[in-house]
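Per-entry structural report
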Amino acid sequence: MSSTTDILHSIPVDELTGSLSVPVYQTATFVQEAPGVNKGYDYARSGNPTRHALESVVAKLEGGHSAFAFATGLAAIDSVIKLLSTGDEIIAVDDIYGGAYRLFTHVYQKLGIKIHYVDTTDDDNILKFVNQNTKLIWIESPTNPTLKITDIAHVSKIAKSINALLVVDNTFASPASQKPIQLGADIVIHSATKYLGGHSDLLAGIVVTKTEELSEKIKFIQNASGGILGPWDCFLAIRGIETLNLRVERQSETAYKIAHFLEQHEAVDQVHYPGLVSHKNHEIAKKQQKGSFGSIISFSLKDDTSENAVKFVTSTKYFKLAESLGGVKSLLCQPAQMTHASVPREKRLSSGIQDSLIRLSCGIEETEDLLNDIKKALDLISKPKNKLVV
Ligand SMILES: *Cc1c(COP(=O)(O)O)cnc(C)c1O
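Residues numbered from 1 in each chain as written. Predicted model: local features only at pLDDT ≥ 70, side-chain atom pairs only at ≥ 80, totals over all residues. Heavy atoms only, no water.

Core analysis: the biggest nonpolar cluster contains 33 residues, and Leu54, Val58, Leu196, Ile206, Val208 and Ile241 have the highest contact counts within it. Listing elements by their share of this core, those giving two or more residues are helix 2 (49-62), strand 1 (66-70), strand 7 (205-209), helix 8 (231-241) and helix 9 (244-263). Mapped onto the domain boundaries, this core takes at least three residues apiece from domain 1 (4-241) and domain 2 (246-382). With residues near it in sequence (within four places) discarded, valine 58 still touches Ala67, Ile206, Val208 and Ile241. Phe293, Phe299, Ala309 and Leu360 belong to the second-largest nonpolar core, a separate cluster that totals 30 residues. (Core = buried A, V, L, I, M, F, W, Y, C linked by side-chain atoms within 4.5 Å. Buried < 20%, exposed > 50% of the residue type's maximum accessible area, 1.4 Å probe, protein only. Helix = DSSP H or I, 4+ residues; strand = E, 2+ residues; numbered from the N terminus. Domains from an automatic or database assignment. Contact = heavy atoms within 4.5 Å.)

Turning our eyes to something else, we now look at the packing of helix 2 against helix 8. Axis angle and axis distance: for two packed helices, these are the angle between their axes and the distance between the axes, and together they describe the pair. The contact between helix 2 and helix 8 brings their axes to 8 Å, and the two run at 35 degrees. Crossing handedness for the pair helix 2 and helix 8: left-handed. Residues Thr50, Arg51, Ala53, Leu54, Val57, Val58 and Leu61 of helix 2 lie in contact with helix 8, whose contacting residues are Pro231, Cys234, Phe235, Ala237, Ile238 and Ile241. Across the contact of helix 2 with helix 8, the residue classes tally to 11 nonpolar, one polar and one charged. (Axes fitted to C-alpha atoms, helices over the stretch in contact; angles between N-to-C directions. Left-handed = near helix turned anticlockwise from the far one by under 90°. Nonpolar A, V, L, I, M, F, W, Y, C, P; charged D, E, K, R; others polar.)

Turning our attention to the pattern of salt bridges. Inspection of every chain in the model, using the stated rule, returns 10 salt bridges. One salt bridge connects glutamate 283 with lysine 286, and the closest N-O pair in it is separated by 3.9 Å. Here the residue glutamate 283 and the residue lysine 286 both occupy positions in helix 10 (residues 282-288), the gap between them amounting to three residues, near one helical turn. Notably, a salt bridge pairs aspartate 355 with arginine 345, separated by 2.7 Å at the nearest N-O pair. Here aspartate 355, found in the loop between helix 12 (345-350) and strand 12 (358-361), pairs with arginine 345, found in helix 12; they are 10 residues apart in sequence, far enough to count as distant. (Salt bridge = Lys/Arg side-chain N within 4 Å of Asp/Glu carboxyl O.)

The next point concerns the packing of aromatic side chains. Throughout the structure, instances matching the rule amount to six aromatic pairs. Considering the side-chain rings of phenylalanine 104 and tryptophan 138, the 5.2 Å spacing of their centres and the 85 degrees angle between planes classify their relative orientation as edge-to-face. Residue phenylalanine 104 is found in helix 4 (residues 98-108), and its partner tryptophan 138 is found in strand 4 (residues 134-140); the two are separated by 34 residues along the sequence. Judged by its relative accessible area of 0%, phenylalanine 104 falls in the buried class. Its relative accessible area of 0% is what places tryptophan 138 among the buried residues. (Phe/Tyr/Trp six-rings, centres within 6.5 Å; stacked < 30°, edge-to-face > 60°.)

The structure is reproduced here in structure tokens:
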């Protein structure tokens, strides 16, 4: 259930007033007729109708049993780790989102949870660290910023065989293109700050659960820890989701054209985009990312210097220099000095993050405008310096 028709019409019309859009129930509490007698809501941390509407839509979108909305993507990730106990182990993708790495390593490791980071594109690497304490396998596909692809259906079989849960951070694909639960995942998480919200105007996180049992556990943690998403942000997220398919379709078409252009440009070294036949796991991406490869591209320059990357990222007109991705306005960044600045340079280089690597997030502007923007910025780098003097 995820055509635009289905999405729009799965958002409930307000029963009380007929309001076509979901009202923002900006309240902390709900009046009770007698102690414990209420209309389904008592206190807004435990439940809020605006949040409930968002959670239902995302559960349908991802084909899960339930969904839970959190204040940020990281709060959503945090709630999943709270399923574990001291002594449990996680096998996680090595180029995991930096904030998840920080949370796992600097918060949960201290509490006795062990994390093994491996390249999950090769299942031997996963099997090496499996033991009776392995409780979670945590993957992202595509990854940030080099867009590595892991075969989700394949890893889900490994997870099942060892009785571990498979968690997929689906932020970079979005449910417009990839539905990990259908591929065998037990839990899907999102930074709804990115594609789901889609307008770079809110922070939000989502956990989607496959089974009733997992739903009960996450619901308990959501209420117990309290990192819920407020009603106004729930409203904004619903509004964003209404156009998710249209946005991702347009953004992916543009990204494909730009990736293709970059691949043929003399100043460009490597281009990472799952839609390109040259991508190492293009066939797997084609199989699991139905219909679109997303709006994120990263590429490095032949003249691999940080100066060149800075020159590029500060000279585009429409691609604005900022962290985040997936929104209607195009953004770009230089991971080495921005999103991945805290990763030591040697580790960055070994995971393909050169100094000159540039990450693009294509928005919904006209494709030609974005292509010209990229062309002009590349000209500044590839033309001999003396010709630049006007
Ligand atoms: C941004 C991001 C997160 C964290 O989400 P926030 O909303 O910023 O807390 C998690 N995973 C991925 C893949 C992300 O891109």
